Amino acid sequence: MKAARFDYALASGIADAVALLDGAGGLGRVMAGGQSLIPMMNLRLAQPSLVVDIAGIREMRRAELSNGELYLGAGVTHAMIEDRKTPDATNGMLPFVASGIAYRGVRNRGTIGGSLAHADPAADWPTALLALGASIDAVGPKGARTLSLEAFLVGAYTTALESNEVLTGVRVPRLSPKARWSYYKVARKTGEFAHTIGAAVLDPERGVRRVVLGGTGRAPMLVEGAARRLDRPLGIADAAAILNSAGFDPVEHHLHATALSRAITRIHTP
Ligand SMILES: Cc1cc2nc3c(=O)[nH]c(=O)nc-3n(C[C@H](O)[C@H](O)[C@H](O)COP(=O)(O)OP(=O)(O)OC[C@H]3O[C@@H](n4cnc5c(N)ncnc54)[C@H](O)[C@@H]3O)c2cc1C
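Caption draft 1: Region of the structure containing the nonpolar core. The biggest cluster of nonpolar side chains holds 54 residues, and the ones touching the most others in it are Met93, Leu116, Trp125 and Leu129. The greatest single-element share of this core, amounting to 5 residues, is contributed by helix H7 (residues 124-131). Apart from residues no more than four positions distant in its own chain, Leu116 is found in contact with Trp125, Pro126, Leu129, Ile136, Leu149, Phe152, Leu153, Thr159, Leu167 and Val170. Ala226, Ala240, Ile242 and Leu260 belong to the second largest nonpolar core, which has 19 residues in total.

Written as structure tokens, this is what we have:
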């Protein structure tokens, strides 16, 4: 199948992209790496009247580290993070996650902002960045705003972004040198979308303990019961009990319990 007819515009900057989207009356779509949008258009799951290409906006590839946080422009590709062409503030978690996304061709074009805006429930960045306590910057006709990922990721393929807003960057709090993390992705083959993901971040110096379950068919979720148990390894039965109290059937969702247990256990494995 081929995409339905659409107009194409190459945005010259963020303000231009916002103006183009605003003029499309809700029928415009940003294209970053095109790795999800183009297949969706070819399958006619998406039929925008206007595609606004933001890949040429240099400002969107900006990456910088300040004292408290890492800023990654939305146009930073998975490969740039994997190759450590961007600074790291996460003791290696971001490059590790990037290297497990799809295969190199996809990682060369796919962007961190595109992955978040697409909000595939099985994708890697939403889960990993929620565990890290990240937030996003967006710009629209009414100006700029910053949203925590909890507020941004509303559901499967659904975010709080308006149709005339552009996601411009991601803010990742800097981990302390002794902070630990783990990321346990269950996929049929290396580099495929996840069946389930357990992610954990333990940063006692900053008082941070976060556990996230992803790949559940909905937006990734913080698992408070598991975060409270982050100080020692967690068995699968205990992980299942925690998920059961969060409304997950322990039999049907045994893979989620396994991912949660492995993520927490691995954070204790040097
Ligand atoms: C074969 C294959 C395997 C894959 N495997 C994995 C995997 O294992 N794990 C994983 O996490 N991902 C995987 N992906 C998805 C990949 O990571 C995509 O790159 C990513 O999901 C979308 O990024 P993109 O830059 O290509 O966005 P696009 O395809 O250009 O856009 C995706 C959506 O986000 C919107 N969008 C993009 N950028 C912005 C922005 N800055 N502001 C507002 N809206 C925006 C678009 O309008 C569109 O709706 C895979 C993709 C393929 C093709």
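Caption draft 2: Examining the packing of helix H10 (residues 236-245) against helix H11 (residues 254-266) more closely. In the contact formed by H10 and H11, the axes pass within 8 Å of each other and the chain directions differ by 115°. The crossing of H10 and H11 is right-handed. Judged by residue contacts, Ile236, Ala239, Ala240 and Leu243 of H10 engage His256, Ala257, Thr258, Leu260 and Ser261 from H11. Here the residues of the contact of H10 with H11 are counted per class, giving 6 nonpolar, 3 polar and no charged.

Caption draft 3: Structural view of the site of the ligand. Taken together, 32 residues sit near the ligand, with Val30, Gly34, Leu37, Thr111 and Asp124 positioned nearest. The side chain of Asp124 places a nitrogen or oxygen atom 2.7 Å from a nitrogen atom of the ligand. Protein contact buries 90% of the 970 Å² of open area that the ligand shows by itself. When residues of the shell around the ligand are traced back to their parent elements, those giving at least two are strand E2 (28-31), helix H6 (112-118) and strand E10 (166-173). Looking at the shell around the ligand element by element, the count peaks at 4 residues for H6. Grouping the amino acids of the shell around the ligand by side-chain chemistry returns 17 nonpolar, 11 polar and 4 charged.

So, how was this worked out
- Residues numbered from 1 in each chain as written.
- Predicted model: local features only at pLDDT ≥ 70, side-chain atom pairs only at ≥ 80, totals over all residues.
- Heavy atoms only, no water.
- Core = buried A, V, L, I, M, F, W, Y, C linked by side-chain atoms within 4.5 Å.
- Buried < 20%, exposed > 50% of the residue type's maximum accessible area, 1.4 Å probe, protein only.
- Helix = DSSP H or I, 4+ residues; strand = E, 2+ residues; numbered from the N terminus.
- Contact = heavy atoms within 4.5 Å.
- Axes fitted to C-alpha atoms, helices over the stretch in contact; angles between N-to-C directions.
- Left-handed = near helix turned anticlockwise from the far one by under 90°.
- Nonpolar A, V, L, I, M, F, W, Y, C, P; charged D, E, K, R; others polar.
- Near = heavy atom within 4 Å.
- Polar contact = N/O pair within 3.5 Å; in protein donor to acceptor, adjacent residues only side chain to side chain.
- Areas by Shrake-Rupley, 256 points an atom, 1.4 Å probe, with all protein chains shown as cover.

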